[in-house]
Amino acid sequence: MTKIELATGVYWVGAIDWNLRDFHGYTTPRGGTYNAYLIVDDKIALVDTVKHGFADEMLGRIREIIDPVKIDYVISNHVEMDHSGSLSDIMGIVPNAEVICTEKGKEGLIRHFRGKWNFRAVKTGDELKLGNKTLSFITAPMLHWPDNMFTYLKEDKILLSNDGFGQHLASSFRFDEDVCSLTGYDCDIVMDEAAKYYANILMPFGGVILKKIEEIQKLGIEIKMIAPSHGMIWTDPGKIINAYLQWAKGESKQKVLVIYDTMWNSTETMANDILRGVSDSGVEVSLFHLRKTEWSEIVKEVLESKAILIGSPTLNNGMFPTVGGFLTYLMGLRPRNKLWATFGSYGWAGGAVKAVNEKLKSGGYESVESIEVIFRPDEQDIEKCYALGQKIASMVKAS
Ligand code: FEO
């Protein structure tokens with residue numbers, strides 16, 4: 001195996017999950033990675049382990065560099081099992097190594113592994129000297145769980161950010177710039193996956209992310225590289241930090257999304273008329289049928305769009321099940337600064353649009369306008385839908 005060195009004595013020793021297609025509910029068509037890092041100095045530290053089942057791959061990479069029995073410290077930046085799943089394999093080899101994590105991390109690891117390991121709980125500002133290299137810890141609660149922390153390599157100016165700034169992307173390359181320059185892929189593939197990851201995993205924590213970035217800026221530390229525990233290593237940290245600032249503030253493109261399901265095409269007809277209204281106003285618009293596009297893909301579009309129109313046919317006096325399921329998922333992700341509108345249809349008794357509006361309200365959102373039609377939309381209904389598209393487009397332009 002070729003050794004991957006981020007800086008002298010700092011190695012990537014993670015695992016690539018080429019066949020990952022679903023990560024606790026969101027699709028990962030490009031696979032994923034579980035990154036772990038080995039820091040070799042007078043003392044040796046392993047930062048994060050990998051998902052259970054990938055321990056041998058990680059150990060194989062470590063053995064290329066050192067004998068794993070020489071590991072002195074295991075830094076657990078996050079308890080979740082995609083990063084700590086192989087901790088017991090490592091501790092089986094080095095039972096006396098110190099496990100360094102936050103207090104919450106310690107609680108979680110003890111609960112999960114029932115392990116009586118030699119724990120050291122750390123907080124922001126605590127440091128660990130390995131020799132010439134110093135590890136500095138920064139707690140990062142809710143990025144992505146309460147236990148998370150970052151590990152900063154002071155002399156090398158590398159931030160090991162665990163879930164923060166990650167992407168699910170399997171590749172034989174490890175650095176963002178290599179994906180761009182050495183493959184035939186579109187250069188935006190890394191940023192595209194980072195956006196999908198942010199939207200589906202970190203979007204609820206926008207406020208926390210803004211504060212954490214501000215706190216790191218106040219610490220005055222220089223960051224030359226961000227090495228997350230998923231996906232590519234950022235050699236241009238400014239690019240992903242700026243994207244996170246934008247997403248966390250709820251800044252989006254002048255773009256409209258029309259998301260719907262349909263039974264007998266009435267709601268679909270309305271969706272297309274709304275789309276025409278937006279498009280004729282010169283604003284970008286995309287349309288998604290909830291049974292034809294995977295939801296985590298739609299959520300990434302939500303992150304990047306200013307206005308969201310939700311359409312549902314009526315079923316059993318309420319909204320269509322896919323619309324209800326999607327809204328439950330979306331409300332949990334708490335998208336910020338969006339304009340909302342709703343539409344739908346019914347045969348003999350309405351209820352879908354009211355139910356969608358109530359669901360939005362439960363998340364603290366309000367529909368700026370709602371249209372509900374009986375049976376098939378007639379000419380007047382079509383005009384109304386077209387006008388709604390135009391109205392939303394002008395609101396987006398003015399925002
Ligand atoms: Fe990548 Fe929160 O685990």
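Residues numbered from 1 in each chain as written. Predicted model: local features only at pLDDT ≥ 70, side-chain atom pairs only at ≥ 80, totals over all residues. Heavy atoms only, no water.

The name given to the protein chain in an unreviewed UniProt entry is Flavoprotein A, and the organism recorded there is Candidatus Methanoperedens nitratireducens.

(A) Main features of the nonpolar core. Counting residues in hydrophobic clusters, the biggest one holds 90 residues, and the most contacted among them are I62, I240, Y244 and W247. The element best represented in this core is helix α6 (residues 189-202), accounting for 10 residues. If you count residues domain by domain, this core takes at least three from each of domain 1 (4-249) and domain 2 (256-393). Ignoring any residue separated from it by four or fewer positions in sequence, one finds Y244 in contact with G164, F165, G166, Y197, Y198, L202, I209 and I213. (Core = buried A, V, L, I, M, F, W, Y, C linked by side-chain atoms within 4.5 Å. Buried < 20%, exposed > 50% of the residue type's maximum accessible area, 1.4 Å probe, protein only. Helix = DSSP H or I, 4+ residues; strand = E, 2+ residues; numbered from the N terminus. Domains from an automatic or database assignment. Contact = heavy atoms within 4.5 Å.)

(B) Region of interest: the pattern of salt bridges. Scanning the model with the defined rule gives 20 salt bridges in all. Across the pair K300 and E304 runs a salt bridge whose closest N-O atoms are separated by 3.8 Å. Taken together, the positions of K300 and E304, both in helix α10 (residues 295-304) and four residues apart, correspond to about one turn of that helix. Each member of the pair, K300 as well as E304, is classed as buried. Connected through salt bridges with shared partners, the residues R30, D192, E193, K300 and E304 form a single ionic network. (Salt bridge = Lys/Arg side-chain N within 4 Å of Asp/Glu carboxyl O.)

(C) Structural context of the domain arrangement of the protein chain. Under the domain assignment used here, the protein chain contains domain 1 (4-249) and domain 2 (256-393). Computed from C-alpha atoms alone, the centre-to-centre distance between domain 1 and domain 2 is 38 Å. If you look at the interface, domain 1 gives 18 residues, while domain 2 gives 14 residues. For the pair domain 1 and domain 2, the summed buried surface comes to about 1300 Å²; carbon and sulfur atoms form 55% of the total. When the buried surface of domain 1 facing domain 2 is broken down by residue, N200, M203 and P204 rank first, second and third, together holding 40% of it. (Buried area = accessible area lost by both parts, 1.4 Å probe.)

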